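Examination of the molecular architecture
Residues per chain, in single letters:
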Amino acid sequence: MKQTKPYNIPKRLILEAYKRVKANKGSAGVDGQTLEVFDQNLKGNLYKLWNRMSSGCYFPQAVKRVDIPKADGGIRPLGIPTVSDRIAQMAVKLQIEGELEQHFHPDSYGYRPNKSAHQTVAQVKARCWKRAWVLDMDIKGFFDAIDHDLLMRAVEKHVKENWQRLYIKRWLKASVQHKDGQIETRDRGTPQGGVISPLLANLFLHYVFDQWVEQYWKDVQFERYADDIVCHCKTEQEAIKLQSVLTKRFNDCGLTLHPEKTKIVYCKSWVNQATYDRISFDFLGFTFQPRLVKTRKGPYRVCFLPEISQKAAKRIRSSINKWPWQKWQQCDVKVIIGYSRNKLRGWMNYYGAYGKMAIANLLFHFDKKLSRWALHKYKKVKSLIQAAKRVNAFRRKNRQLLAHWNRACLQG
């Protein structure tokens, strides 16, 4: 008699999960196995993973810790699972995401199907026009602070398959390997960088924040993009009270609101701003603040609007500076255009949704770097002014090459 596996996991599920992980790319985990190496024995590797998961003997390897510098000088710790573990996580995500999506709040936007950062920003903008006060919240070290017991209570409520619950618990308990090889055990948190982590994070905050606010503060509107949260209040007193009760609520659930980054902001553009301490806040790379804009009828008016933030602008300039400009001195300008086109278009498309001229002016930093490249590249160019003129002439003749050179893009 043929012996069956303890868990009935379709092989096609593992194959589909692999295809998703392959499309997302990503680096190797602690075992050093890249996607390219995994592909060399694709059939065998996928069968081995399926067999282990179906038998109940699948245990994830340690998560590789990678520290990413933040704009404020801090560090964002990422956890990179191995390729096999990413495929296993994707398999579970594909099966449980549909069920969880039926329960998530409509004002939760981050890492959800058919939801986007631009939708979130648009909603924030619309509600800032209607309500005078904003509570801008920052959860300190959110992904590393998630309480495993509370999260598993939510998982057990919605995830019905035993094998899915079993492996979620094992992923939560997986150790972390630091750069120096040191192994750290974990009793809380889910690695920021794991395939299933954003879904679990949304599930956790659904009960800690979304549903709780809907039940006890029905009149408060909010937008949540993962752990970035903005609440809209009618009065300053309401915002102050909400901050107080949410501080306690988060503390009770093992989370901490950042005392310096969490703030109450006044956002009515047509009243004298000098009487208020805070009149701006950052959200998803945009700064919301009063701005002088020209109306369709001609006169200027002060409006509370988003535009690329200084932090985001600094990151973009820093990224452009790190491109291999010195190496490109031996190359044709086509090489530079080919390397930079998609990156510049991505920035233009994202930040240009609100304040196209602001991001276009920022990307002029690329033009300045290109002028310095031309100064060193061409012997006939004797000064930076001459180099800039040469770049400007090239830009006028080739406006379709780059997004911030394209007038139609800026006007659309």
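Below is a summary of the structure that appears in this document. Note that the structure is predicted; figures quoted are calculated from it, not measured.

So, how was this worked out
- Residues numbered from 1 in each chain as written.
- Predicted model: local features only at pLDDT ≥ 70, side-chain atom pairs only at ≥ 80, totals over all residues.
- Heavy atoms only, no water.
- Axes fitted to C-alpha atoms, helices over the stretch in contact; angles between N-to-C directions.
- Helix = DSSP H or I, 4+ residues; strand = E, 2+ residues; numbered from the N terminus.
- Parallel < 35°, antiparallel > 145°, perpendicular 65-115°, else oblique.
- Left-handed = near helix turned anticlockwise from the far one by under 90°.
- Contact = heavy atoms within 4.5 Å.
- Nonpolar A, V, L, I, M, F, W, Y, C, P; charged D, E, K, R; others polar.
- Pairing = 2+ DSSP bridges.
- Phe/Tyr/Trp six-rings, centres within 6.5 Å; stacked < 30°, edge-to-face > 60°.
- Buried < 20%, exposed > 50% of the residue type's maximum accessible area, 1.4 Å probe, protein only.
- Lys NZ or Arg CZ within 6 Å of the ring centre and 35° of its normal.
- Patch = residues over 30% accessible without salt bridge, like charges linked within 9 Å, V, L, I, M, F, W, Y side chains within 5 Å.
- Areas by Shrake-Rupley, 256 points an atom, 1.4 Å probe, with all protein chains shown as cover.
- Salt bridge = Lys/Arg side-chain N within 4 Å of Asp/Glu carboxyl O.
- Expected span 1.5 Å × (residues − 1).
- Arc of directions from axis to C-beta.
- Disulfide = S-S within 2.5 Å.

On to the packing of helix H1 (residues 11-24) against helix H3 (residues 42-55), then. Look at H1 against H3: their axes get within 10 Å of each other, and the N-to-C directions meet at 125 degrees. With respect to H3, the axis of H1 lies oblique. The handedness of the crossing between H1 and H3 is right-handed. Along its contact with H1, which presents Lys 11, Ile 14, Leu 15 and Tyr 18, the element H3 presents Leu 42, Leu 46, Tyr 47, Leu 49, Trp 50 and Met 53. Its residues assigned to classes, the contact of H1 with H3 comprises nine nonpolar, no polar and one charged.

Attention shifts here to the sheet that holds strand E4 (residues 176-177). Strand order in the open sheet made by the four strands is E2-E1-E4-E5, with mixed pairing throughout. The sheet is open, and its two borders are formed by strand E2 (75-80) and strand E5 (183-184), each paired with just one other strand. Two strands pair when backbone bridges link them, and E4 and E5 are joined in this way by two bridges, in the antiparallel orientation. Residue pairing across strands places Val 176 opposite Glu 184, the latter belonging to E5.

On to the packing of aromatic side chains, then. For the coordinates displayed, the defined rule picks out 30 aromatic pairs. Centroid distance Trp 133 to Tyr 266: 4.9 Å. Interplanar angle 65 degrees. Geometry classified as edge-to-face. Of this pair, Trp 133 sits in strand E3 (residues 133-138) while Tyr 266 sits in strand E8 (residues 263-266), and the two are 133 residues apart along the sequence. Residue class for Trp 133 comes out buried when judged on its relative accessible area of 10%. Note on Tyr 266: relative accessible area 6%, which makes it buried. Between Trp 323 and Phe 366, the ring centres sit 6.2 Å apart and the planes meet at 65 degrees, which makes this aromatic pair edge-to-face. Of the two residues, Trp 323 sits in the loop between helix H11 (310-321) and helix H12 (333-351) while Phe 366 sits in helix H14 (residues 364-377), which places them 43 residues apart along the sequence. Of the two residues, Trp 323 and Phe 366, both sit in the buried class. Lys 115 extends its terminal NZ or CZ atom over the ring of Tyr 109, reaching a point 4.6 Å from the ring centre. Sitting above the plane of the Tyr 378 ring, Arg 390 keeps its charged end 4.0 Å from the centroid.

Read across the sheet, four strands follow the order E6-E7-E3-E8 without closing on themselves; strand pairing throughout is antiparallel. Of all the strands in the sheet, the pair left with one neighbour each is strand E6 (221-225) and E8. Each strand axis lies, on average, 20 degrees off the axis of its neighbour in the sheet, ignoring direction. Of the pairings in the sheet, the one linking E3 to strand E7 (residues 228-233) comprises six bridges and is antiparallel in character. Note that in E7 the partner of Val 134 across the bridge is His 232. Lying over the sheet, helix H5 (residues 117-130) contacts E3, E6 and E7, oriented at roughly 160 degrees with respect to E6. Sheet strands touched by helix H10 (residues 236-252): E3, E7 and E8. Its angle to E3, the strand with the most contacts, is close to 20 degrees.

On to a nonpolar patch on the surface. A cluster of nonpolar side chains, namely Leu 292, Tyr 300 and Val 302, defines an oily patch on the protein surface of about 330 Å² accessible area. Structurally, Tyr 300 is set in strand E11 (residues 300-308). On the basis of relative accessible area, Tyr 300 is assigned to the exposed category, the value being 56%.

Glancing now at H5. The end-to-end C-alpha distance of H5 is 20 Å, a good match for the 20 Å that 14 residues give at a rise of 1.5 Å each. Every buried residue of H5 is accounted for by Ala 117, Thr 120, Val 121, Val 124, Arg 127 and Cys 128. Down the axis, H5 shows its buried residues gathered within 135 degrees of arc, on one side only.

Tallied over the full model, the rule gives zero disulfides. The thiol sulfur of Cys 253 is not disulfide-bonded, and the nearest other cysteine sulfur, from Cys 231, lies at 15 Å. Residue classification places Cys 253 among the buried residues on the basis of a relative accessible area of 7%. With no disulfide of its own, Cys 267 lies 4.1 Å from the sulfur of Cys 128, the closest cysteine sulfur. Judged by its relative accessible area of 1%, Cys 267 falls in the buried class.

Turning next to the pairing of E6. Counting buried residues along E6, four of its five residues qualify, which places the element largely inside the surrounding structure. Bridge analysis of E6 against E7 gives five bridges, and the strand direction is antiparallel. Along E7, the bridge assignment pairs Arg 224 with Ile 229. Once E6 ends, the chain turns through two residues before running back antiparallel as E7, passing Ala 226 with a positive phi of about 60 degrees.

Moving on to the side chain of Asp 210. Take Asp 210: it is sitting in helix H9 (residues 197-216). Discounting chain neighbours no more than four positions away, the residues touching Asp 210 are His 105, Ser 108, Leu 205, Phe 222 and Arg 224.

Along an α-helix, residues three or four apart share an orientation, since each turn contains 3.6 residues. Over its 14 residues, H1 extends 20 Å from the first C-alpha to the last, a length consistent with the 20 Å expected when each residue adds 1.5 Å. Those residues of H1 that fall on the buried side of the exposure criterion are Leu 13, Ile 14, Ala 17, Tyr 18 and Val 21. Across the axial projection of H1, the buried residues extend over an arc of 140 degrees, all falling on one side. Exposed and facing more than 90 degrees away from the buried side of H1 are Arg 12 and Ala 23. Where H1 ends, the next residue or the one after it, Lys 25, has phi of about 60 degrees, a positive value.

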